[in-house]
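Structural description and commentary
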Amino acid sequence: MKAIRRFTVRTVLPEQLQPLHELALNLRWSWHPETRDLFRSVDPEVWAATGEDPVRLLGEVPAARLAALAADRRFLRRLGDLADDLREYLTGPRWYQTQLEAGATPPPAAIAYFSPEYGIAATLPQYSGGLGILAGDHLKAASDLGVPIIGVGLFYRHGYFRQSLNRDGWQQERYPLLDPDELAVSLLRGPDGTPCRVDLALPGGRTLAAHVWKAEVGRVPLLLLDSDIEANSPAERDVTDRLYGGGSEHRLLQEMLLGIGGVRAVRAYCRLTGHPAPEVFHTNEGHAGFLGVERIRELVAAGPAGTDTAGLDFAAALESVRAGTLFTTHTPVPAGIDRFDRELVARHFGGDVALPGVPVESVLGLGAETWYGGDPKLFNMAAMGLRLAQRANGVSTLHGEVSRSMFNGLWPGFDPAEVPITSVTNGVHAATWIDPAVVRLGAAEIGADRAEEAMTTGETQRWTGLERIANTEIWDLRRSLRAQLVDEARRRLRASWRQRGAGEAELGWVSSVLDPDVLTIGFARRVPSYKRLTLMLRDPDRLRGLLLHPTRPVQIVVAGKAHPADDGGKRLIQQMVAFADDPTVRHRIVFLPDYDMAMARRLYPGCDVWLNNPLRPLEACGTSGMKAALNGCLNLSVLDGWWDEWYDGQNGWAIPTADEAAGVLDPESSEAERRDDIEAAALYDLIEEQVAGRFYDRGTDGLPHRWIAMVRHTLVTLGPKVLAGRMVREYVERLYAPAALAERELRVELPPRAEGRADVASEERQATDGGESAGAKSVGTGFERLEASGRVTAARELALWKAKVRDGWPAVRVEHVEADCPAEAQELGSSLALRVQVALGALEPGDVEVQAVSGRVDETDGISDASVLALKPVGGPDLDGRTRYEGSLELGRTGPFGYTVRVLPAHPRLASPAELGLVALPAESAGMDAGLLR
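So, a few notes on the structure that sits alongside this text. Residue positions are given per chain, counted from 1 along the sequence in the order it is written. The predicted nature of this model means local features are confined to residues of pLDDT at least 70 and side-chain atom pairs, given and counted, to a pLDDT of 80 or more, with totals for whole chains, interfaces and linings taken over all residues. Only hydrogens and water are removed before side-chain values are computed, so all heavy atoms of the structure are retained for them.

Throughout, an axis means a line fitted to C-alpha atoms (over the contacting stretch in the case of helices), and angles, computed between N-to-C directions, take values from 0 to 180 degrees. Each helix is a run of DSSP H or I of at least 4 residues and each strand a run of E of at least 2, with the numbering of both proceeding from the N terminus. Two elements in contact, helix α20 (residues 471–499) and helix α23 (residues 597–606), have axes separated by 7 Å at closest approach and are oriented at 140 degrees. Taken as axis vectors, α20 and α23 run oblique relative to one another. For the pair α20 and α23, the crossing hand works out as left-handed. Across the interface between the two elements, R478, L481, R482, Q484, L485, E488 and R492 from α20 touch A598, M599, R602, L603, P605 and G606 from α23. Residues are sorted three ways: Asp, Glu, Lys and Arg are charged, Ala, Val, Leu, Ile, Met, Phe, Trp, Tyr, Cys and Pro are nonpolar, and all the rest, Gly among them, are polar. Tallied by class, residues from the contact of α20 with α23 come to 6 nonpolar, 2 polar and 5 charged. Working definition: roughly parallel below 35 degrees, roughly antiparallel above 145 degrees, roughly perpendicular at 65 to 115 degrees, and oblique for all remaining angles. Should the near helix be turned anticlockwise from the far one by less than a right angle, the crossing is left-handed, and should it be turned clockwise, the crossing is right-handed. Note on contacts: a residue pair qualifies if any of its non-hydrogen atoms lie within 4.5 Å across the two residues.

Next up, the structure:
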């Protein structure tokens, strides 16, 4: 018999225990060991039964136990101290506040961070994998550093799926319904107690409404929009039903709610709480890209509360939005980008649902695939993200290079190295992922306060001293963590087999699975094909030999989920499970279903080696190896993602790759098969000859001294690098602060002036980068209004300047280049006097920069390792309208050398010379089409 309605009956805590609610509703408990220990002491059995969830614990602990605690003075002292500690953490100055005091230019008053998923804690299952875990770590690190971020996402009533296996090893999915009353969230409400609501207009007169749940992530509020409310029809209620579910329109509605509804939720939150309005908006992947469209609507209409920029036209609003927006891409392949049918997007942004002041043609132009090979029928969310952000980044150095090549079509005429996408290598939140035993060991050597600062700030000097930890202490700790993992794996394996239909009498063998003294390798992640879960199965006999070696055995713990619609990934899991079910090896290799944060927190510390063998360069970063490294685990990985930049030969091993072979990125090609054979053989060799050899190479005292040296080196050198604190500081210093400054500058009003402005007709034709080629036009109705009132903002002037440059660029040409070059071979240290004739058409010398680009050349005359020299105009235009530029090119290197000349737009408010995607080269009679709305 089923209940017709479900609700939660909460425990009424005695007055003395009321601070427990405060501690439970702030998710800092998830990374604060002392608070977790306090909740465990409330009732250890209930704590374990509720999945270590404080909110559920307080709802289920017996009243008699609560009464006893209310009279326990020692418990009450602990509770009071921890409540005071939380309040001090939430209000006291931290790293960011010291920057406010020290900096001449104030950093952003607030930053809005948008992501489709967040991995804060296993008890708030709003994540599927690395993107969500990264977002959660970003918020936690921002909280620890005092960075004023507001997180924005969706509240998925079913979260991501829970995984189990059937008897044949095939993945099964289930979607438990989440009750917000049982989670550490609360409704955002108005002064009268009414739930805050945001509305989006939909075609056909429908409305998509959402309430806003707020989670407290330390100092950071996380706003989660929930469409499962009575105001919606059944179809709209299901928009936030589950993460990455449904068809194309379902996903589009999710992303509209995240972007447009998310901005409206932020505005409501700031209005209700007095929180400073964000100056910077950070889009974590393209899913939230529509936030820029909503912000343009705000500026065209009347401007957001707290700003003085109002009534702009579309082009000026676009410039203002771009200045304060950062876009982070996480995918290294075009297939990972959300793309929607253009007509579907047009239906949701046109007609009676059009956003006021934001023509549907302009919206479509933002996502148009205008580059060579693009599909004109599709709307590309990553393209929109890049067009709406003046700053963009990948998530590792290698991924930055891959992204510049992948999106090169948006900046035609520029080499990939010049595409304005930088990189900030991801990091992980140390307090979440380091086992408390590792923290205690470090604190015993360098002190508790310094250990906490080392985990928070990412400052290298804070980690000095760990090298003094004795070999015996390190090895005893590693053995203890391995034993902890063995117990956890046995418990989970037994539960999995019971779910698969096995009786308890069949499972006696589980108690001997794994061995706390055997070299343990971990492999856990999502299961798309490029991560190659089954590479280790390439030669089953060779793997069996490694697992069953008589003196140097290896054991492997595997976990991972395939997307519910990915039958290929499910087959890979089934193959792995079939191998692990073999009675001859099942004590040495296990597959643990339902990989989540709770499992990961035991898995990373307990492994000796973390295996990662993706198809290079398809791993954008790969933060699981970072979490393992923080616990003294060594990495065994393909040189991809973060490992490509931080592998040093002493912190693990690099798996050789065959990615130079043609066709290796096509999984159906014969070259891909050959590549997998080559790389699997290299993996077996590394494990057998180097990894196992070093692990079992013991001294007379029974310790593997060379192994321990690698563990110590990993902790001391990788520890500060892989931290989310280091990552967030980089975002603040390199991206957030410059974006806030640029956004402020574009709000400044300028004195009216006639010269240098494009005419209104031209501005209407070219109001957005890419102009007619992007199918985007804008209205110029704001121009006359601003001119009449005398209000011309810097954003308006920049928009007009860009329109003028785009309009005049086809006439820009490099017409003649000459150099004093008396001989073919030049001597090192000599120089070439360059003279260049440039036709600028209607543009002026101040609108452009003429550059000489020089460097080493290859056999095709391609320039590499380029240097740029700005040439100076000499005199005014000649009778033919050409301007002469001159400069002296120093020959500072030997070997094959070459140069070229080019013309670029130049303006002090451009973040990059390539921003407009315009360049004129010798023998080019027309400008390059940007294909980019700038």
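Moving on: the environment of A63. You can see A63 is positioned in helix α5 (residues 63–70). Overall, the relative accessible area of 61% leaves A63 in the exposed class. Here's how the labels work: a residue is buried when its accessible area is under 20% of the maximum for its type, exposed when over 50%, partly exposed in between, all with a 1.4 Å probe on protein chains only.

As a further point, take the pairing of strand β19 (residues 634–638). Counting buried residues in β19 gives 5 out of 5 residues, a clear majority hidden from the surface. Alternating positions in β19 separate into two faces, L634, L636 and V638 on one and N635 and S637 on the other, with burial throughout. Pairing analysis gives 4 bridges linking strand β18 (residues 609–612) to β19, with the strands arranged parallel. Residue pairing across strands places N612 opposite S637, the latter belonging to β19. Only when DSSP finds a minimum of two bridges between them are two strands counted as paired. Where β19 lies against strand β20 (residues 652–655), 4 bridges are found, and the strand directions are parallel. Bridge pairing in β20 places L636 opposite W653.

Attention shifts here to the sheet that holds strand β16 (residues 554–559). Taken in spatial order, the 6 strands make up an open sheet running β17-β16-β15-β18-β19-β20, and their pairing is parallel. In this open sheet, the two strands that pair with only one neighbour each are β17 (589–592) and β20. Taken over all neighbouring pairs, the strand axes of this sheet differ in orientation by 20 degrees on average, direction set aside. Two elements, strand β15 (residues 519–524) and β18, share 2 bridges in a ladder whose sense is parallel. Its bridge partner lying in β18, I521 is registered against V609. Sitting on the sheet, α20 is in contact with β15, β16 and β17, with an inclination near 60 degrees to β17. Against the sheet, helix α22 (residues 567–580) makes contact with β16 and β17, and its axis sits at roughly 140 degrees relative to β17, the strand it touches most.

On to the nonpolar core. For this analysis, a nonpolar core means a set of buried residues of the types Ala, Val, Leu, Ile, Met, Phe, Trp, Tyr and Cys, connected via side-chain atoms within 4.5 Å. Judged by nonpolar contacts, the single largest core of 109 residues is most densely connected at L519, M536, I556, I589, L636, W653 and W707. If one sorts the elements of this core by residue count, α20 sits on top with 9 residues. Ignoring anything within four residues of it in the chain, the contact list for L519 reads P553, V554, Q555, D608, V609, V691, A692, F695, Y696 and W707. C270, F281, L798 and V850 belong to the second largest nonpolar core, which has 96 residues in total.

Further remarks concern the sheet that holds strand β24 (residues 831–839). Here we have 6 strands laid out as an open sheet, ordered β23-β24-β27-β26-β25-β28, and antiparallel in their pairing. Unpaired on one side and paired on the other, β23 (813–819) and β28 (897–905) mark the two borders of the sheet. Between one strand axis and the next, the sheet turns by 30 degrees as a mean value, whatever way the strands run.

Right, let's get into the packing of aromatic side chains. Here the aromatic set is Phe, Tyr and Trp, taking the six-membered ring for Trp, and pairing holds for ring centres within 6.5 Å; pairs whose planes are under 30 degrees apart are stacked, those over 60 apart are edge-to-face, and all others are tilted. Evaluation of the coordinates by the stated rule reveals 20 aromatic pairs. Each ring, one from Y731 and one from Y736, has its centre 5.8 Å from the other, and the planes form 25 degrees; the classification is stacked. Overall, Y731 belongs to the buried group, its relative accessible area being 2%. Feature note: the residues W475, W653, F695, Y696 and W707 constitute an aromatic cluster, connected by ring pairs. Criterion for a charge above a ring: Arg CZ or Lys NZ at most 6 Å from the ring centre, at most 35 degrees from the ring normal. Looking at R482, its charged tip hangs above the ring of W475, at a distance of 5.3 Å from the centre.

Let's shift gears to helix α13 (residues 342–349). All buried positions along α13 are accounted for by L344, V345, A346, H348 and F349. Buried residues belonging to α13 abut α10 (248–273), α11 (291–301), β11 (339–341), α14 (360–366) and β12 (378–380). With a side-chain oxygen lying 2.8 Å from the backbone nitrogen of E343, the N-terminal cap of α13 falls on D341. N or O atoms within 3.5 Å of each other form a polar contact, as long as, within protein, one can give a hydrogen and the other can take it, and as long as residues adjacent in sequence are counted only when both atoms are side-chain atoms.

By secondary structure assignment, the location of A24 is in helix α1 (residues 19–25). Classification of A24 by relative accessible area gives buried; the value is 2%. Here the alpha-carbon distance between A24 and L57, two residues 33 residues apart in the chain, equals 9.3 Å.

Turning next to helix α19 (residues 448–457). Taken residue by residue, α19 has A451, A454, M455, T456 and T457 as its buried positions. Elements in contact with the buried residues of α19: α8 (130–145), α17 (430–433), α18 (436–446) and α28 (724–747).

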